[in-house]
Structures are given as structure tokens and as C-alpha cells.
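Analysis of the macromolecular model
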Amino acid sequence: MREIKVLEVIKLGKNFGLKPILKEIDLTVARGERVAILGDSGCGKTTLLKTIAGFYLPHTGEIRVEGKIISRPGWALFPNRRHMSMVFQSAALFPHMTVEENIGFGNRKDGKVSARVKEIAEAFRIDSLLKSYPHSISGGQARRVALARALAAEPSYLLMDEPFTNLDRELKSDVMTYVKNFAQERNIGVIMVTHQEEEARYLADMVYVMEEGKLEVEKR
Ligand SMILES: Nc1ncnc2c1ncn2[C@@H]1O[C@H](COP(=O)(O)OP(=O)(O)OP(=O)(O)O)[C@@H](O)[C@H]1O
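Everything numeric in this text was worked out from a predicted model, so none of it was measured.

Our next topic: the overall build of the protein chain. Regarding its fold elements, the protein chain presents 6 helices and 11 strands. The C-alpha atoms of the protein chain give a radius of gyration of 17 Å, which matches the 17 Å a tight globule of 220 residues would have. Principal axes of the C-alpha set define a box for the protein chain whose edges measure 45 × 35 × 35 Å. Counting over 220 residues, the protein chain shows a buried share of 40%. Contacts in the protein chain between residues at least 24 apart in sequence constitute 67% of all its contacts with a sequence separation of at least 6.

In C-alpha cells form, the structure reads like this:
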């Protein structure tokens with residue numbers, strides 16, 4: 001049988017307490033495809049990404065990667081076994097590690113990885129910070145380190161929660177172009193959550209809109 005290289009979210013539901021946050025979400029993202037999700041604050045975008053990444057269990061439905069179930073009610077494959085990288089809204093760097101160690105985290109310390117870390121750090125203009133610790137860098141720099149860490153792992157799927165906020169215009173454009181090319185060249189499936197329509201249209205092949213826990217293809 002032909003291998004299906006696709007991430008499938010099927011009728012996914014998630015509650016916090018009694019409140020339904022995600023309602024029967026269906027979403028398919030193939031390797032090499034880029035999807036953006038637009039939506040107002042509080043509609044459930046972060047909850048969806050964290051459920052796909054394996055940090056939350058769904059209440060209904062399931063998530064499959066290449067045909068295999070990775071999340072269903074009562075069971076989820078560990079986040080670090082999913083070949084996914086998640087860029088959190090808060091950057092979430094490891095405070096006791098240098099920028100270089102943060103970016104290289106999760107990779108074997110071979111020459112290939114250090115060359116990749118160096119290349120990404122240069123592209124994101126954080127190469128002068130490699131020996132610094134997260135407490136001594138700015139919010140925009142921390143966000144670029146978080147993005148660099150996610151790319152350096154060369155995931156099959158990249159999940160990004162508002163990844164380009166805090167970056168000035170010129171830098172944002174360079175970083176977005178680099179992420180887009182990186183994903184394209186390596187056949188990485190991307191799901192990005194954002195409030196910015198411009199970012200969504202630039203990065204993604206397909207834009208969805210989320211409203212009160214429901215996901216629909218954007219109607220233009
Ligand atoms: N851990 C949690 N426990 C209880 N309620 C939560 C939790 N996380 C999120 N919520 C609630 O779920 C709803 C959706 O939150 P979520 O963070 O997914 O929204 P969002 O669309 O990502 O918002 P924003 O754009 O502001 O980041 C909100 O009402 C939020 O208060």
C-alpha cells in the first residue's frame with residue numbers, strides 16, 4: 001500500500017471543564033503543505049495546536065499521522081515521539097541552557113547539526129547570541145531562538161503559535177521567507193496560528209478561519 005504522508009485531525013473535540021473549546025475539528029495537512037489558521041483571541045487556536053502536538057488529550061475524535069493514530073480520547077503518543085516541533089507563543093526557552101544549546105536541543109551533537117544551528121542562527125541574526133542565556137536576550141530575539149530550535153530539529157510537521165510577532169518589519173520578512181523555504185525544501189507540513197492576515201497569506205497555501213472552536217476554510 002502507498003504510504004500516506006499526511007497529518008489528519010478528525011472530528012476533534014476538546015473541553016476545558018464543561019466548556020467545549022474545540023468542536024468537531026477536521027483538518028488535513030500533507031507533508032510539504034502549509035496551512036494558516038486565523039481567528040480572534042480565545043477561539044481555541046492554541047488549544048488546537050497543543051492537542052495536535054500531544055500536550056492535551058482530545059475528548060472526541062482522533063489525530064493520525066501517516067495513517068497511524070497518535071491521539072484519541074484517553075491516549076496520546078508522547079510529544080517527543082511525534083516528529084513535530086512546536087513554537088509556543090511564549091518562546092518557552094530552557095533558562096539554564098545557552099542560546100546555542102537551546103537551538104541544538106533534541107539533536108545529536110554531530111557536525112551536521114552544529115552546521116545547521118550555525119546557518120539558522122546566521123539567517124535569523126542571532127549568531128552573536130549563541131553563548132548568551134535566555135534571561136539576557138530580548139523578546140524578539142527569544143522568539144527567533146524558539147523558531148530556530150524548531151527548525152533545527154528538522155521535524156516532519158512544524159506547529160507555530162503566533163511565531164512572527166515582536167519582530168520588526170524587515171526582520172520579519174527575512175525570517176518568514178527563511179521558514180517558508182526551509183519547510184518547502186524539506187517537505188515539512190506547517191500549521192501556523194496567527195492574527196495577521198498578511199502573514200497567513202504569505203506563508204500558507206491554505207487559510208482557515210477559526211470561530212468559537214469551529215474551523216472553516218476561509219471564504220474570500
Ligand atoms: N489550560 C486551560 N484551562 C482552562 N481553560 C483554558 C485553558 N487553556 C485555554 N483555556 C480557555 O480556552 C479558550 C481557548 O483558548 P486558546 O488559548 O486556545 O485561544 P486562542 O485562540 O489561542 O487565543 P489567543 O489568540 O489569545 O492566543 C479560552 O476561553 C481560554 O480561556
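Ordered by their spatial adjacency, 6 strands build an open sheet running β7-β8-β9-β3-β10-β11, and the pairing between neighbours is mixed. Every interior strand has two partners, whereas the edge strands, β7 (84-87) and β11 (214-217), have only one. If you compare each strand with its neighbour and ignore which way they point, the axes differ by 20 degrees on average. For strand β3 (residues 34-39) and strand β10 (residues 206-211), the ladder comprises 5 bridges, and the chain directions are parallel.

What follows is about the sheet that holds strand β1 (residues 6-16). Within the open sheet, the 5 strands sit side by side as β2-β1-β4-β5-β6. Their pairing is antiparallel. Every interior strand has two partners, whereas the edge strands, β2 (19-30) and β6 (75-76), have only one.

What follows covers the pairing of β10. Pairing of β10 with β11, which is carried by 4 bridges, proceeds in the antiparallel orientation. When the bridges of β11 are listed, Met210 appears paired with Leu215. Following β10, the chain reverses through 2 residues before pairing antiparallel with β11; Glu212 in that reversal takes a positive phi of roughly 45 degrees.

Attention now goes to the nonpolar core. The biggest cluster of nonpolar side chains holds 62 residues, and the ones touching the most others in it are Ala146, Leu147, Ala148, Leu159 and Ile191. Broken down by element, the residue count for this core peaks at 8 residues, all from helix α4 (residues 139-152). Viewed by domain, this core spans two of them, domain 1 (1-83 + 160-220) and domain 2 (93-154), each represented by three or more residues. Residue contacts for Leu159: discarding those within four places in its chain leaves Leu49, Ile52, Ala53, Met84, Met86 and Ile191.

Okay, the site of the ligand next. The environment of the ligand is formed by Phe16, Ile21, Gly39, Ser41, Gly42, Cys43, Gly44, Lys45, Thr46 and Thr47. No other element matches helix α1 (residues 45-53), which puts 3 residues into the shell around the ligand. In terms of residue class, the shell around the ligand is built from 3 nonpolar, 6 polar and 1 charged.

Leave glycine aside and you will find that most residues have negative phi; peptide bonds, for their part, are mostly trans. In this structure, Lys11 is a non-glycine residue whose phi angle is positive, near 45 degrees. Inspection of the secondary structure puts Lys11 in strand β1. Given 12 C-beta atoms within 10 Å, Lys11 falls into the exposed group. The phi torsion at Ala92 lies on the positive side, around 50 degrees, for a residue other than glycine. You can see Ala92 is positioned in the loop between β7 and α2 (99-104).

Its 18 residues place the ends of helix α5 (residues 169-186) 26 Å apart at the C-alpha level, agreeing with the 26 Å of an ideal helix rising 1.5 Å per residue. If you check which residues of α5 are buried, you get Val175, Val179 and Ala183. Down the axis of α5, the buried side of the element spans an arc of 65 degrees, and every buried residue falls inside it. In α5, the exposed positions angled more than 90 degrees off the buried face are occupied by Arg169, Glu170, Asn181, Gln184 and Glu185.

Another aspect to go through is the domain arrangement of the protein chain. According to the domain assignment, the protein chain contains domain 1 (1-83 + 160-220) and domain 2 (93-154). Just the C-alpha atoms count here: the centres of domain 1 and domain 2 sit 23 Å apart. The interface of domain 1 with domain 2 comprises 9 residues on the first partner and 10 residues on the second. The residue makeup of the side of domain 1 that touches domain 2, split by class, is 7 nonpolar, 1 polar and 1 charged.

This part covers the packing of α4 against α5. Look at α4 against α5: their axes get within 12 Å of each other, and the N-to-C directions meet at 10 degrees. If you check the angle between α4 and α5, you find them roughly parallel. From α4, Arg144, Leu147 and Leu151 reach across to α5, where they touch Val175, Val179 and Phe182. Classifying every residue of the contact of α4 with α5 by side-chain character gives 5 nonpolar, no polar and 1 charged.

Rules used throughout
- Here the residue numbering is sequential within each chain, running from 1 through the sequence in written order.
- Per-residue local features of the predicted model are confined to residues with pLDDT of at least 70, and side-chain atom pairs are confined, for both listing and counting, to 80 or more; whole-chain, interface and lining totals are unaffected and use all residues.
- Where helices and strands are cited, they refer to DSSP runs of H or I of at least four residues and of E of at least two residues respectively, numbered from the N terminus.
- Just to be clear, the radius of gyration here is over C-alpha atoms, and the globule rule we use is 2.2 Å times residues to the power 0.38.
- Field definition: a residue is buried when 20 or more other C-beta atoms are found within 10 Å of its C-beta, exposed when 12 or fewer are, and partly exposed for counts in between, with C-beta atoms placed from the backbone.
- Contact between two residues is assigned when their C-beta atoms, built from the backbone, lie within 7 Å.
- Should DSSP find at least two bridges between two strands, the strands are taken to pair.
- Angles run from 0 to 180 degrees between N-to-C directions of axes, and those axes are lines fitted to C-alpha atoms, restricted for helices to the stretch in contact.
- A set of buried Ala, Val, Leu, Ile, Met, Phe, Trp, Tyr and Cys residues, joined to one another through C-beta atoms within 7 Å, is what we call a nonpolar core.
- The split into domains, and so the bounds of each, comes from an automatic or database assignment of domains.
- Proximity of a residue to a molecule or strand is defined by its backbone-placed C-beta atom lying within 6 Å of that partner.
- Residues are grouped as follows: Ala, Val, Leu, Ile, Met, Phe, Trp, Tyr, Cys and Pro are nonpolar; Asp, Glu, Lys and Arg are charged; all remaining types, including Gly, are polar.
- Take the residue count of a helix, subtract one, and multiply by 1.5 Å to get its expected span.
- Relevant arc is that of directions from the helix axis to the C-beta atoms, nothing else.
- Small angles under 35 degrees read as roughly parallel and large ones over 145 as roughly antiparallel, with 65 to 115 read as roughly perpendicular and the rest as oblique.

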